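Coordinates in review
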Amino acid sequence: AGDVPAWINVSFRTYNEWPVDGALRIEFPSSFGNLSRWKSNIVTPCCSSLEASVDGEHVYLKRDANSTLGTIAGQTEVVIMATGIELPPYSGYTGDFVSFQTETANRTVIDETSAAEHSNRLPAGLRIVPGNFITAPQLNLTNILAGEVGNIRVSFEITNPLPADGRIFVKLPGSFIEIVDVNKTLALR
């Protein structure tokens, strides 16, 4: 979350051969805001580095033309381990990936899946789970006498941003009889 980069495995099976000086171009869903720290290597078949360039949601991975791995044959499973991925700050579904294509050194497309070509093969979006609180949320009552009206103070530190139109949901035990809204604060009755 936020400033903690994640890693992701990108795996695919080539249909055609992927030349040693070729590249992979991926367009991520717009929910991925910062991919600028992307670093990656081909781990299967073993092993080769990739030079990454990032423009917004577009990641361009250039193969190392001097790699001993050489041309990757068609019908080969390729796994790329990428680090430095900043996940979206909000939980939920990221949306589908926009395009995914292997290319030659002169940027001629070899294999592709996108809205225009073979869209049924596009990688599905990812499920991002909620972030954790930095410290445990604290709830304190201003009045602890049974049956009395009092206020409750809620304090917490979050790892992800809270949007201007965001909501804070606090569920109190059923033993609280009534909660009334007084000047946008919670009062217990």
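Heads up: these notes are all about the structure in this document. Everything numeric in this text was worked out from a predicted model, so none of it was measured.

1. Observations concerning the overall build of the chain
- Counting its secondary structure elements, the chain contains zero helices and 14 strands.
- Secondary structure elements in the chain, listed N-terminal to C-terminal, are β-β-β-β-β-β-β-β-β-β-β-β-β-β.
- The C-alpha atoms of the chain give 24 Å as radius of gyration, which overshoots the globular expectation for 189 residues (16 Å, by more than 25%).
- When the backbone C-alpha atoms are referred to their principal axes, the chain occupies close to 75 × 30 × 25 Å.
- Expressed as a percentage of the 189 residues in the chain, the buried residues total 29%.
- Of the contacts made within the chain by residues no fewer than 6 positions apart, 67% connect residues no fewer than 24 positions apart.
- Entry remark: accessible area of the chain is about 12,100 Å², with carbon and sulfur atoms responsible for 52%.
- Distance from the positive charge centre (14 side chains) to the negative charge centre (20 side chains) of the chain: 6 Å.

2. What about the state of the cysteines?
- All chains considered together, the criterion is met by one disulfide.
- Covalent S-S linkage joins cysteine 46 and cysteine 47, the inter-sulfur distance amounting to 1.6 Å. One disulfide, between cysteine 46 and cysteine 47, carries an S-S torsion of -60° and so falls in the left-handed class.
- Note on cysteine 46: relative accessible area 58%, which makes it exposed.

3. Focus: the sheet that holds strand E6 (residues 77–85)
- Taken in spatial order, the eight strands of this open sheet run E1-E6-E3-E4-E5-E2-E8-E9, and their pairing is antiparallel. A single partner strand is all that each edge strand has here, and the edge strands are strand E1 (6–13) and strand E9 (109–114). Taking the axes of each pair of neighbouring strands and ignoring which way they run, one obtains an average angle of 20° across the sheet.
- Two strands pair when backbone bridges link them, and strand E8 (residues 99–103) and E9 are joined in this way by five bridges, in the antiparallel orientation. Paired with threonine 102 across the bridge in E9 is aspartate 111.

4. Topic: the pattern of salt bridges
- Tallying each qualifying case throughout the model produces two salt bridges.
- Where arginine 25 meets glutamate 103, a salt bridge forms, and the shortest distance between an N and an O atom there is 2.7 Å. A residue pair is termed long-range when its members are at least 10 positions apart, and arginine 25 in strand E2 (residues 23–27) and glutamate 103 in strand E8 qualify at 78 residues.
- You can call glutamate 103 buried: its relative accessible area is 2%.
- Here glutamate 86 makes a salt bridge to arginine 37, at a shortest N to O gap of 3.3 Å. Separated by 49 residues along the polypeptide, glutamate 86 in the loop between E6 and strand E7 (92–93) and arginine 37 in the loop between E2 and strand E3 (39–44) bring together distant segments of the chain.

Reading guide: rules and limits
- Residues numbered from 1 in each chain as written.
- Predicted model: local features only at pLDDT ≥ 70, side-chain atom pairs only at ≥ 80, totals over all residues.
- Heavy atoms only, no water.
- Helix = DSSP H or I, 4+ residues; strand = E, 2+ residues; numbered from the N terminus.
- Rg over C-alpha atoms; globule rule 2.2 N^0.38 Å.
- Buried < 20%, exposed > 50% of the residue type's maximum accessible area, 1.4 Å probe, protein only.
- Contact = heavy atoms within 4.5 Å.
- Areas by Shrake-Rupley, 256 points an atom, 1.4 Å probe, with all protein chains shown as cover.
- Lys, Arg positive; Asp, Glu negative; His and termini not counted.
- Charge placed at Lys NZ, Arg CZ, Asp CG, Glu CD.
- Disulfide = S-S within 2.5 Å.
- Pairing = 2+ DSSP bridges.
- Axes fitted to C-alpha atoms, helices over the stretch in contact; angles between N-to-C directions.
- Salt bridge = Lys/Arg side-chain N within 4 Å of Asp/Glu carboxyl O.

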